[in-house]
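Tertiary structure, described
Here are the chains, one letter per residue:
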Amino acid sequence: MSDVARVAVPLRLRSTMVLGVASATGLVMLGWPLLVDVAPQQQLQPPFFFLALLPLVVLVVLAEVSEGGMDSRVLALLGVLSAANALLRLLGAGTAGIELVFFLLILAGRVFGPGFGFVLGCTSLFASALLTAGVGPWLPYQMIVAAWVGMGAGMLPRKVGGRKEIVMLVGYAVVAAYGYGILMNLSGWPYALGIAVPGYEGELSFVPGDPLSENLQRFIVYTLVTSTATWDTGRAITTSLAVIVLGPSILTTLRRAARRAVVAPLPGTSG
C-alpha cells in the first residue's frame, strides 16, 4: 500500500543525481565557514553567491523530477499540499516552536517518496514565506533544510506499516525537528558577532581561524543554550503529537489521492 504513491514523482538515476547535487550545494552553503582557512579576526560575510545559486539549483530539481512523469493531477496535488502547509505555518507562526508545517511534509514525503518530499519542502517554505512576509536571506536555507526533511521521510523503510509506521514517523519527526533547528542555527551563527547568553560565561561566537573542533564545541553549546530546550523541543513535541493524532487518517487520505493521481513510470525511471 505504501509503495503505490512512489511513482507520483518518479526518480530516475539522473533525477537522483540532481537531488544529490542540490543537497551537496546546500551542505556547502551551510558549512563552508567551518571548512575554509580564514585569517584570525577576519569577519565573515554571508555567502551571497550560494544564496543566489541555491534557488537556481532548486528550479533545476523541480524541472528534473517533473520531467520524470509528473502530470497535471500530481502537480495539482503538489499545489494543494504546498498551500495547506503554508497555511499551517501561518497558524503556528513558529511561536515557542509551535510549527505545524513539518508533520504534513513528513506524511506526504512518506507516501509519495523522496523526490516529491524534496519538492514539497521547497514549495511549502517558499509559499509560507510569501504569506508571512518572511522572504529574506534566510529563505534559501529554510527551503533546502525543509526539502531534506521531506526527502528523508520518503527514504524511510517501506515495509513498515500500521502502528509501527506511526512510531517510526514520530521518531523521525523528533530527529527532523532537532536537525532542522541545528542546521538553521548553523546558517546564521558564523556571521553573528559578540554572542552573549544570560547565565553563560564564555565566547559562543564563531572565531575565524580557530580549529574546527573548538568552533564546533562553541556551536554545540550555542545551540543547546539558545534553541534546543525551547524552539526545537517545541517543534519536536508539536510535530510528534500531530503525527500521532492526525497521522493515520491523513496517511490514508494521501494514499487514496495517490492512487487516483498515480502515473506510470517513464522508461528508465525507478520508484
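Everything numeric in this text was worked out from a predicted model, so none of it was measured.

Rules used in this analysis
- Residues numbered from 1 in each chain as written.
- Predicted model: local features only at pLDDT ≥ 70, side-chain atom pairs only at ≥ 80, totals over all residues.
- Heavy atoms only, no water.
- Axes fitted to C-alpha atoms, helices over the stretch in contact; angles between N-to-C directions.
- Helix = DSSP H or I, 4+ residues; strand = E, 2+ residues; numbered from the N terminus.
- Parallel < 35°, antiparallel > 145°, perpendicular 65-115°, else oblique.
- Left-handed = near helix turned anticlockwise from the far one by under 90°.
- Contact = heavy atoms within 4.5 Å.
- Nonpolar A, V, L, I, M, F, W, Y, C, P; charged D, E, K, R; others polar.
- Buried < 20%, exposed > 50% of the residue type's maximum accessible area, 1.4 Å probe, protein only.
- Core = buried A, V, L, I, M, F, W, Y, C linked by side-chain atoms within 4.5 Å.
- Salt bridge = Lys/Arg side-chain N within 4 Å of Asp/Glu carboxyl O.
- Patch = residues over 30% accessible without salt bridge, like charges linked within 9 Å, V, L, I, M, F, W, Y side chains within 5 Å.
- Areas by Shrake-Rupley, 256 points an atom, 1.4 Å probe, with all protein chains shown as cover.
- pLDDT = per-residue confidence, 0-100.

Let us now look at the packing of helix 4 (residues 101–112) against helix 7 (residues 162–188). Relative to each other, helix 4 and helix 7 sit at 125 degrees, their axes nearing to 11 Å. Judged by the inter-axis angle, helix 4 sits oblique to helix 7. Viewed along their axes, helix 4 and helix 7 form a crossing whose handedness is right-handed. Residue-level contacts link Phe102, Ile106, Leu107 and Arg110 of helix 4 to Glu165, Met168, Leu169, Tyr172, Ala173 and Tyr180 of helix 7. Tallied by class, the residues present in the contact of helix 4 with helix 7 amount to eight nonpolar, no polar and two charged.

Here we come to the environment of Leu139. Topologically, Leu139 is positioned in helix 6 (residues 139–154). A relative accessible area of 4% means that Leu139 is categorised as buried. Non-local contacts of Leu139, meaning those with residues more than four positions away in its chain, are made with Leu125, Phe126, Ala129 and Gly134.

Before going further, it helps to spend a moment on the nonpolar core. Membership of the largest hydrophobic core comes to 62 residues, with the highest contact counts inside it found for Leu81, Phe103, Phe112, Phe116, Phe118 and Leu254. If you list the elements that add at least two residues to this core, you get helix 1 (13–35), helix 3 (72–92), helix 4, helix 5 (114–131), helix 6, helix 7 and helix 8 (212–261). No other element matches the 11 residues that helix 6 contributes to this core.

Attention now goes to the pattern of salt bridges. A complete count under the given rule lists four salt bridges for this structure. A salt bridge links Glu99 to Arg235, with the nearest nitrogen and oxygen atoms 2.6 Å apart. Of this pair, Glu99 sits in the loop between helix 3 and helix 4 while Arg235 is found in helix 8, placing the two residues 136 residues apart along the sequence. By the burial criterion, Glu99 is buried, and Arg235 matches it. Notably, a salt bridge pairs Asp232 with Arg235, separated by 2.9 Å at the nearest N-O pair. Taken together, the residues span about one helical turn, with Asp232 and Arg235 both in helix 8 at a distance of three residues. Overall, the relative accessible area of 2% leaves Asp232 in the buried class. For Arg235, a relative accessible area of 6% puts it in the buried group.

It is worth spelling out a nonpolar patch on the surface at this point. Taken together, the side chains of Ile237, Leu241, Ile244, Val245 and Leu246 make up a nonpolar region of the molecular surface, amounting to roughly 470 Å² of accessible area. Here Leu246 shows up in helix 8.

With that settled, the discussion passes to the side chain of Asn85. Here Asn85 is to be found in helix 3. Note on Asn85: relative accessible area 0%, which makes it buried. Dropping the residues within four chain positions of it, Asn85 is found in contact with Val101, Leu104, Leu105, Leu120 and Ser124.

All right, on to the confidence of the model for the protein chain then. Mean pLDDT for the protein chain: 78, with 72% of residues reaching 70 or above. Across the protein chain, helix 7 holds the top mean pLDDT of 93, while strand 2 (residues 269–270) sits lowest at 44. Per-residue pLDDT stays below 50 along residues 1–7; that stretch engages in 20 contacts with residues further than four places along the chain or on separate chains. In the predicted structure, residues 263–271 sits below a pLDDT of 50 and forms 21 contacts with residues beyond four places in sequence or in another chain.

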